[in-house]
Each structure stands twice: as C-alpha cells, then as structure tokens.
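# Results of the structural survey
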Amino acid sequence: MAQKQDDKKVTPRSEDFAAWYNDICLRAELADYSPVRGCIVFRPDGFAIWEALRDELDKRIKKTGARNAYFPLFIPKSFLEKEAQHVEGFAPEVAVVTHGGGKELEEPLIVRPTSETIINHMFSQWIRSHRDLPMMLNQWANVVRWEMRTRMFLRTTEFLWQEGHTAHATREEAERETLTILELYRKFVEEFLAIPLIVGRKSAAERFPGAVETYTIEGLMGDGRALQCGTSHFLGQNFSKSFETRYLDDQNQMQFVWQTSWGVSTRLLGAIVMAHGDDQGLRLPPAVASTQAVIVPIWRKPEEGEKVMAAARAMFDSLEQANIRVRLDTREGLTPGFKFNDWEMRGVPVRIEIGPRDVASGEAVLARRDKSGPDAKSKASMTTIAETVSAMLATIQASLYAQAKTAMIANTRKFDDYNAFKKHMEGEGGGGFADIYWCGNPACETRIREESKATCRAIPLEQDTQPGKCLVCGESATERAFFAKSY
Ligand SMILES: [Zn+2]
C-alpha cells in the first residue's frame, strides 16, 4: 500500500493540460468522482482549501456590512418565471422536483441554480421603508446547474459558493456596491490566491441573466485559457419590479429598490490548480495551504532516529507556536524520496529536511515548492527556524503571484489584424488574452466566437488608449476588450 501512488505517472502538463489537471486533482486528493454524473466529492485536502478561502472571504464580506443568512434549497418553479431574462438563462439547466413524499407536487420546485428569486420574495416582505435600506445579505450554499459537460471544480452540476444580495434606495448606491464587491474580489483573489486578474465588465452576450451590468474578474490559466473567477452584478430594478420589492421613500412615495448580486464558487479551487500547478503537482499559495510546512525526519540507524526525532519535534513546536500550519511526517516504511514527492504533489509550500548531520550542525534543509532545482534549497539554523520559515512563506506567496503575472503578461497580445488574430487563436498553443479594439457590435463578437472560439472576457474599466478601429469590422471603436478562449 505504501508506494501505491507511484503506480501511475502524472500526465505532463505540456502534453495534455486537461489530463494533467485531472491527474493533479485526484493524486493530490483534492476531489474524487462521485456516482452521480457531474458531481464531485471534496476530499479533506480539497475541502480544507475551500474552508481557508471561505473563512477569509467571509471576514472581508462582513466588513462591508453584509450579514450571512440562509434561504431554502427549493424554490417554487413560478418564482423563476417572474423575470423573463432570468428564466430564459437558467431554465435549460434547472433541476426540477416533481414528486415528494410519494406524491406528485401541486407546484413543481426547482433546486436553486442561484437565489435572486427567493431572496426577492423575502425582500418584498421585509423591506417597507427607506429605513430598512440598504439590506445586505450573503449566503454560503450549494447550488445546482445541470451541466452537460463537466470538469472537476470548474463546471460541476452541484457546486458550493457564496452569493451576496443587496437592496438599495438609489441607483448610485447599488452601482457603487457592485464595484465595491468587484474590488473586494480582485484583492482577495490576487492577494490570497496569488492569481493575477483582468478586471472589467462583461459584454451584453456574456451578462448574468437578469442583470443590467455584469462585472468580472478573469484569470489566465497555465494553458492560456481564461477562467472567470467571480462576478458582481448590478441588477437595476429588474427583480424588484418582478417581485414588487418596494419601499416608502422620505417623500412618502413608493419606490422600487435597486439591487446587486455577486458570487464566487469552488471553481476557485480549479483556478489554484491551473494557475500555479506544475508536473510535480500542486503548488499552493501559503495563504490557502492547510499545511504550510512539513518536516521530514531522515535517518537509518535507530540511535540516529532518537536524536533526529527530538530535533524534529522541537522544530515542530517552535513553528506551531509561530502560528505556522506545520506537519511532522512520521510515517514509517516510506523512503525520504517518496515523501518528498508526496508533499510536492500536495503542494506544501515549504519542506524541512532533517537528518543526523543536520542535527549535529544545528541546521535544517529547507526546500521551497515555488522553485525547482538547486535554487529551491537552502540551509537554516534550527534556533531561528520559525522566523526563517515565516519569511519564506511570505516570499513564496509573492513569488507565485509574480510567476503567474509574468505568464499572464507573456500571454497577452495586442492585435490589429483580424487574420493574424485568427491564425494565432487556431495555432498550436494559441491561447492567452487578445487585447483588441471592439466596436461593441454583437455581430463582431459573434463572428469572433464562431471563427476562433474566443469570447469577450472583459472590457476593462479603465481605458487609457485613444479610440481606434474594430478588429473585425474596421468601424471606429472607443474601447479595447480582452478576448480569449475560456473554461
Ligand atoms: Zn466591429
């Protein structure tokens, strides 16, 4: 059983990115397939990453004034039908419950694909006057979207997420909230997950069904495909008008509220794997790693073992006291080489090796997961090990971000010739962000999608360039947009 993991080699990333991704998710024990098609099981190592994300994001969301609540999994089918665009967008992927308790239900229930409708139903009862506003709620929940083509974490029939829902007295306040959350998401993903992003608004075709405006954070994965990492929607009064969510303003007039909704999901786990992983396995940013440092004691003779283990335990204690999430690998019957590979696969940021000679010299060997080869290793005094590892974890967090940022910049190209753009997108390894002028006409967007499979990922909020010509039709364009093939 001991060396079982060596049975199957990981597919090299450069050979087949999709196969590599699945191998890593399974071998690092983040997730496993479930008996229900399209659903996955989160294993403890995968769920621990989600818990770390959830705890940190929850704190940040609460700081904005939103509070957590919980709404039911089942929603009356008629609710979904109240907002025309919303139902059109979600109906094809909704799971419907028609029977319960052995009987056919009078009204079928849907399993929530998102909760705008049921939350608006409750808002319409809770919001009476301007004094009830703003109402800002967040819920951590599972949602179900019946997907035809699924991929671990990125697209699964059931997934976990948070969905924020806010109601405001004015349009300006709701628009401001939408952008506040967008910036919160950007900082969270860049700082905590070490994934650099493009930030912008979505084109009409890519908008959330029922939103007036959708804003997005988009990352670039190791294969040059973009991944939508989170969205924040300005809903205008679309839902409040459908659900009669109104308040009495200070002039005693009834007004419809202005709303937002926003979410990030367990898809972020896939983003971490794809943005940072390599052929040896995961590379976890220290902020999300449930194990930040692992100590691997090495010895052959029993009399050495005693000394090595004593030193390893002392290091473990000092690291733990410094609030470093540390593990001591005391597994027996496994070679050091096997253990090194195993912890590399699991993406632990720092490995500490300690043998009899290290004990004698009062030093341990540190190996950084963000680097490879001789560069990855250094020696550290055991007396100051906690400070050294703490500083190294901060360096690794920054280094993973910098590596991903360098890759994103190298994979972002400007095009002013449509044929060159198409050739690039079709070509081997033809991915990355294309930074282009687009006139805003959906016909040009459709043509790009049909001819290159690239879609509009984001129209940056800050446009510092002069007006130019649309890459597709040559008409004048006032904005640049990022197009890419995506997940
Ligand atoms: Zn055009």
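What counts, and at which threshold
In this convention, every chain numbers its residues from 1, walking through the sequence in written order. Selection of residues for local features in this predicted model requires a pLDDT of at least 70, selection of side-chain atom pairs for listing and counting requires 80 or more, and totals for whole chains, interfaces and linings are taken over all residues. Just so you know, side-chain values use all the structure's heavy atoms and leave hydrogens and water out. In DSSP terms, a helix is any run of H or I states spanning at least four residues, a strand is any run of E spanning at least two, and both are numbered starting from the N terminus. For each residue, the accessible area found with a 1.4 Å probe, counting protein chains only, is set against the maximum for its type, and the residue is called buried under 20%, exposed over 50%, and partly exposed in between. Definition of a polar contact: a pair of N or O atoms within 3.5 Å, with one able to donate and the other able to accept a hydrogen when the atoms are protein atoms, and with sequence-neighbouring residues admitted only if both atoms are side-chain atoms. Here an axis means a line fitted to C-alpha atoms, over the contact stretch when the element is a helix, while the angle between two N-to-C directions is reported on a 0 to 180 degree scale. An angle below 35 degrees is treated as roughly parallel, one above 145 as roughly antiparallel, one from 65 to 115 as roughly perpendicular, and anything else as oblique. By the convention used here, residues are in contact when the closest approach between their heavy atoms is within 4.5 Å. Asp, Glu, Lys and Arg are counted as charged, while Ala, Val, Leu, Ile, Met, Phe, Trp, Tyr, Cys and Pro are counted as nonpolar; the rest, among them Gly, fall into the polar class. Think of the donor list as every N, O and S atom within 2.8 Å of the metal, or within 3.2 Å for Na, K and Ca; water never makes the list, so a site can look incomplete. Geometry is assigned from donor-metal-donor angles: four donors are tetrahedral when every angle falls between 85 and 135 degrees, four are square planar and six octahedral when opposite donors sit over 155 degrees apart with all other angles between 65 and 115, and any other arrangement is irregular. If you view the pair so one helix is near and one far, a crossing is left-handed when the near helix is turned anticlockwise from the far one by less than a right angle, and right-handed when it is turned clockwise. Under the pairing criterion, centres of Phe, Tyr and Trp rings, with the six-membered ring standing for Trp, must be within 6.5 Å; the plane angle then separates stacked pairs below 30 degrees from edge-to-face pairs above 60, leaving the rest tilted. Strands pair, by our definition, only if DSSP identifies at least two bridges between them. Side-chain atoms within 4.5 Å are what join buried Ala, Val, Leu, Ile, Met, Phe, Trp, Tyr and Cys residues into a set we call a nonpolar core. The term salt bridge refers to a pairing of a side-chain nitrogen on Lys or Arg with a carboxyl oxygen on Asp or Glu at a separation within 4 Å. pLDDT measures the predictor's confidence residue by residue and takes values from 0 up to 100.

Bringing the side chain of aspartate 370 into the picture now. Among the structural elements, aspartate 370 can be located in the loop between β18 (363–368) and β19 (377–381). A relative accessible area of 4% means that aspartate 370 is categorised as buried. A polar side-chain atom of aspartate 370 sits 2.6 Å from a polar atom in the side chain of arginine 368.

Where helix α13 (residues 418–426) meets helix α14 (residues 442–452), the axes come as close as 10 Å, and the angle between the chain directions of the two elements is 40°. It follows from the interaxial angle that α13 and α14 lie oblique. For the pair α13 and α14, contact is made by Tyr418, Phe421, Lys422, Met425 and Glu426 and by Arg447, Ile448, Glu451 and Ser452, respectively. Tallied by class, residues from the contact of α13 with α14 come to 4 nonpolar, 1 polar and 4 charged.

This brings us to the coordination of the zinc ion. Octahedral six-donor coordination of a metal ideally yields angles of 90 or 180 degrees, compared with 109.5 degrees for tetrahedral four-donor coordination. Looking at the metal site, the zinc ion is ligated by Cys439 (SG), Cys444 (SG), Cys470 (SG) and Cys473 (SG), spaced 2.3 Å from it. Coordination at the zinc ion is tetrahedral: its 4 donor atoms span angles of 104 to 116° at the metal. Sequence positions of the residues that donate to the zinc ion give the spacing C-x4-C-x25-C-x2-C. Of the two residues, cysteine 439 sits in the loop between β21 (433–438) and α14 while cysteine 473 sits in the loop between β23 (468–469) and β24 (476–477), which places them 34 residues apart along the sequence. Exposure remark for cysteine 473: the relative accessible area of 34% places this residue in the partly exposed category.

Next up on the list: the packing of helix α1 (residues 17–27) against helix α8 (residues 267–276). Running from amino to carboxyl end, α1 crosses α8 at an angle of 115°, the nearest separation of the two axes being 11 Å. The hand of the α1/α8 crossing is right-handed. Taking contact as the criterion, the partners of Phe17, Trp20, Tyr21, Ile24 and Cys25 in α1 are, on α8, Gly270, Val273 and Met274. Here the contact of α1 with α8 is composed, by residue class, of 7 nonpolar, 1 polar and no charged.

Evaluated as defined, the whole model comprises 14 aromatic pairs. Look at phenylalanine 42 and phenylalanine 153: their rings are 5.5 Å apart centre to centre, the planes differ by 65°, and that puts the pair in the edge-to-face class. Taken together, the residues span a long stretch of sequence, with phenylalanine 42 in strand β2 (residues 40–42) and phenylalanine 153 in the loop between β7 (135–144) and β8 (158–168) at a distance of 111 residues. Judged by its relative accessible area of 2%, phenylalanine 153 falls in the buried class. Ring geometry for phenylalanine 79 against phenylalanine 243: centres 5.9 Å apart, planes inclined by 80°, an arrangement best described as edge-to-face. With phenylalanine 79 in helix α3 (residues 77–80) and phenylalanine 243 in helix α7 (residues 238–243), the pair connects residues that are 164 residues apart, well separated along the chain. With respect to burial, phenylalanine 79 and phenylalanine 243 carry one shared label: buried.

This part is about the sheet that holds strand β20 (residues 412–414). The sheet built from 11 strands is open, its strands ordered β3-β7-β8-β14-β11-β10-β9-β22-β25-β21-β20 with mixed pairing. Each of the sheet's edge strands pairs with one partner strand only, and the pair in question is β3 (67–68) and β20. Pairing between strand β9 (residues 198–201) and strand β22 (residues 455–460): 2 bridges, direction antiparallel. Opposite arginine 201, over in β22, you have isoleucine 459 as the bridge partner.

This part covers the sheet that holds β19. Taken together, 5 strands build an open sheet; the order of strands is β16-β15-β17-β18-β19 and the sheet is mixed. Each of the sheet's edge strands pairs with one partner strand only, and the pair in question is β16 (326–328) and β19. Each adjacent strand pair in this sheet contributes to an overall mean axis angle of 25°, direction not counted. Strands in contact with helix α9 (residues 302–321) are β15 (293–297), β16, β17 (350–354) and β18; relative to β16, the strand with the most contacts, it is inclined by about 165°. In the packing of helix α12 (residues 385–410) onto the sheet, contacts are made with β15, β17, β18 and β19, and the angle to β18 comes to roughly 10°.

Let us now look at unusual backbone geometry. Cis geometry is found at the peptide bond from leucine 133 to proline 134, where omega equals -5°. Among the structural elements, proline 134 can be located in the loop between α5 (116–126) and β7. The phi dihedral of asparagine 252 falls on the positive side, at around 65°, and the residue is not glycine. Secondary-structure assignment places asparagine 252 in the loop between β12 (246–248) and β13 (254–256). Unlike most non-glycine residues, asparagine 323 shows phi in positive territory, near 65°. Relative to the elements of secondary structure, asparagine 323 occurs in the loop between α9 and β16.

Let us look at the nonpolar core. Formed by 52 residues in total, the largest nonpolar core has its most connected members in Tyr21, Leu53, Phe153 and Leu193. Among residues more than four places away in sequence, those in contact with phenylalanine 153 are Tyr21, Cys25, Leu30, Ala31, Ile40, Phe42, Thr266, Arg267, Leu269 and Gly270. Ala194, Ala312, Val350 and Leu366 belong to the second-largest nonpolar core, a separate cluster that totals 25 residues.

Let us look at the pattern of salt bridges. Counted by the stated rule, this structure contains 33 salt bridges. Residue aspartate 278 is joined to arginine 369 by a salt bridge in which the shortest nitrogen-to-oxygen separation is 2.8 Å. Within this pair, whereas aspartate 278 is found in the loop between α8 and β15, its partner arginine 369 is found in the loop between β18 and β19, the two being separated by 91 residues in sequence. Judged by relative accessible area, which is 7%, arginine 369 ranks as buried.

Let us look at the confidence of the model for the chain. Atomic detail in the predicted coordinates should be set aside for any region of low pLDDT. In the predicted model, the chain carries a mean pLDDT of 95, and 98% of its residues have values of at least 70. Low pLDDT (under 50) marks residues 1–6, which in the prediction has 13 contacts with non-local residues, meaning those over four places away or in another chain.

Here we take up the pairing of strand β25 (residues 479–484). A large share of β25 lies buried, amounting to 5 of its 6 residues. Where β21 lies against β25, 5 bridges are found, and the strand directions are antiparallel. Bridging across to β25, tryptophan 438 finds its partner in glutamate 479. Where β22 meets β25, 3 bridges bridge the pair, whose relative direction is antiparallel. Looking at β25, one finds that cysteine 456 is bridged to phenylalanine 483.

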